[in-house]
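Architecture and fold: a report
Here's the letter readout for the chains.
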Amino acid sequence: MTVGQRSRGAANGVMGTGRRSRRDEILEIAVGLFAARGYHGVSMDDIGAAAGVTGPALYHHFAGKEAMLVAALIPVSEGLLAGGKERSANQPDDPRGTLESLIDFHVDFALANPAVIALHLHELDRLPDEPRRRIRRLQRMYVEEWVTVLTALHPGLPDGEARVLAHAAFGLMNSTPFLGGEVDRRRRADLLRGATLAALLAPTDPA
């Protein structure tokens, strides 16, 4: 499954399937290498060797590592926003149900995309200004989907405090790059969903 397929699938609530193009295969390999070694620890030659393609063939698909980074991160951010909007629209009068749906959606994404999450955490600032600003804008819009649900679920909760809760929830769910394989995927999903839901349902009144 490719990065692009994952982001498109996430927007529809399922992980994408289908035949991968050669470009998608190369991008998937590059993302894995960037996540494992760091952006500066990987050369175009490394990517070409791992993908089994020569330099000219590699540059036919991507102008360079920077273009790969953009191609990996922007579709994912777009897919998260689209998926968040879809789930918010499905249950407009049920904030608890919407919250559970958002959590399910994001946990599924996080478990399917640990390399992309690691890439985002460590390499986003290497992008040029325009794509970096675009990704940040998409992220802020996605956060606001959660803020809307949290303020409906906790009447009187200020937007700023709801954003704190949303980012705390992302910290829990986006921990997948750091989780080992000793717990099977289904149980990891259950634990992440349960912990996130409990955190966001906890009373928010000042002590």
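Residues numbered from 1 in each chain as written. Predicted model: local features only at pLDDT ≥ 70, side-chain atom pairs only at ≥ 80, totals over all residues. Heavy atoms only, no water.

An unreviewed UniProt entry lists the protein chain under the name Transcriptional regulator, TetR family, from Micromonospora eburnea.

**Overview of the overall build of the protein chain**
Worth spelling out the cut-off: Where helices and strands are cited, they refer to DSSP runs of H or I of at least four residues and of E of at least two residues respectively, numbered from the N terminus. Between the two quantities, the radius of gyration covers C-alpha atoms and the globule rule is 2.2 Å times the number of residues to the power 0.38. Only protein chains enter the accessibility calculation, which uses a 1.4 Å probe; a residue whose area is less than 20% of its type maximum is buried, one above 50% is exposed, and one in between is partly exposed. The method behind every accessible area is Shrake-Rupley, applied with a 1.4 Å probe, and residues are considered shielded solely by the protein chains displayed. Two residue types count as positive, namely Lys and Arg, and two as negative, namely Asp and Glu; His and chain ends fall outside the count. For charged residues, the charge sits on one atom: NZ in Lys, CZ in Arg, CG in Asp, CD in Glu.
A count of helical and extended segments in the protein chain gives 10 helices and zero strands. Counting from the amino terminus, helix and strand elements in the protein chain follow one another as α-α-α-α-α-α-α-α-α-α. Here the C-alpha radius of gyration of the protein chain, 18 Å, is about what a compact globule of 207 residues would show, namely 17 Å. Principal-axis analysis of the C-alpha atoms gives the protein chain an extent of 60 × 40 × 30 Å. For the protein chain, the residues scored as buried account for 44% of the 207 residues in total. Carbon and sulfur atoms provide 53% of the accessible area of the protein chain, an area that totals close to 10,400 Å². Where the 24 positive side-chain charges of the protein chain centre and where its 25 negative ones centre are 5 Å apart.

**Comments concerning helix α6 (residues 95-112)**
Inclusion rule: One less than the residue count of a helix, multiplied by 1.5 Å, gives the span that helix is expected to have.
With 18 residues, α6 should reach 26 Å at 1.5 Å per residue; the first-to-last C-alpha distance of 26 Å fits that figure. Judged by how many residues are buried, α6 sits mostly within the fold: 13 of 18 residues are covered.

**Examining the domain arrangement of the protein chain**
What counts is decided by this rule: The source of the domain bounds is an automatic or database domain assignment. Here, residues are in contact when the closest pair of their heavy atoms is within 4.5 Å. What makes a salt bridge here is a side-chain nitrogen of Lys or Arg within 4 Å of a carboxyl oxygen of Asp or Glu, nothing more. Polar contacts, as used here, are pairs of N or O atoms within 3.5 Å; protein pairs need one atom able to donate a hydrogen and one able to accept it. Residues neighboring in sequence count only if both atoms are side-chain atoms.
Segmenting the protein chain into domains produces domain 1 (20-62) and domain 2 (64-201). Inter-centroid distance (C-alpha atoms) of domain 1 to domain 2 is 26 Å. On the side of domain 2, 14 residues touch domain 1, which itself brings 17 residues to the contact. At the junction of domain 1 with domain 2, the criterion picks out zero salt bridges. Inspection of the region where domain 1 meets domain 2 yields six residue pairs in polar contact (both at pLDDT 80 or more). Going through the elements one at a time, α2 (22-37), α3 (44-51) and α4 (55-61) are the ones with two or more residues in the side of domain 1 that touches domain 2. Among the elements that make up the side of domain 1 that touches domain 2, the one with the highest residue count is α2 (seven residues).

**Some thoughts on the pattern of salt bridges**
For the coordinates displayed, the defined rule picks out 12 salt bridges. For Asp125, the salt bridge identified is with Arg136, shortest N-O distance 3.6 Å. Separated by 11 residues along the polypeptide, Asp125 in the loop between α7 (114-123) and α8 (129-153) and Arg136 in helix α8 bring together distant segments of the chain. Judged by relative accessible area, which is 59%, Asp125 ranks as exposed. Exposure remark for Arg136: the relative accessible area of 34% places this residue in the partly exposed category. Connected through salt bridges with shared partners, the residues Asp104, Asp108, Asp190 and Arg193 form a single ionic network.

**Notes on the nonpolar core**
Put simply, the rule reads: Buried Ala, Val, Leu, Ile, Met, Phe, Trp, Tyr and Cys residues form a nonpolar core when they are joined through side-chain atoms within 4.5 Å.
The biggest cluster of nonpolar side chains holds 54 residues, and the ones touching the most others in it are Phe34, Ile47, Met68 and Trp146. The element contributing the most residues to this core is helix α5 (residues 65-90), with nine residues. Here this core spans two domains, and each of domain 1 (20-62) and domain 2 (64-201) adds at least three residues to it. In this view, Trp146 contacts Leu99, Leu102, Ile103, His106, Ala166, Phe170, Met173 and Leu200; residues no more than four positions away in its chain are not counted.

**What about the environment of Val164?**
On the secondary structure map, Val164 appears in helix α9 (residues 159-173). Its relative accessible area of 55% is what places Val164 among the exposed residues. Residues Val164 and Asp205 lie 41 residues apart in sequence; the distance between their C-alpha atoms is 14 Å.

**What to know about α9**
Quick note on the threshold: This arc corresponds to the set of directions leading from the helix axis out to the C-beta atoms.
Over its 15 residues, α9 runs 21 Å from end to end, which matches the ideal 21 Å to within 8%, given 1.5 Å per residue. Buried within α9 are the following residues: Ala162, Ala166, Ala169, Phe170 and Met173. Buried residues in α9, looked at end-on, bunch into an arc of 100°, giving them a common side. On the buried face of α9, the contacting elements are α6, α8 and α10 (185-201).

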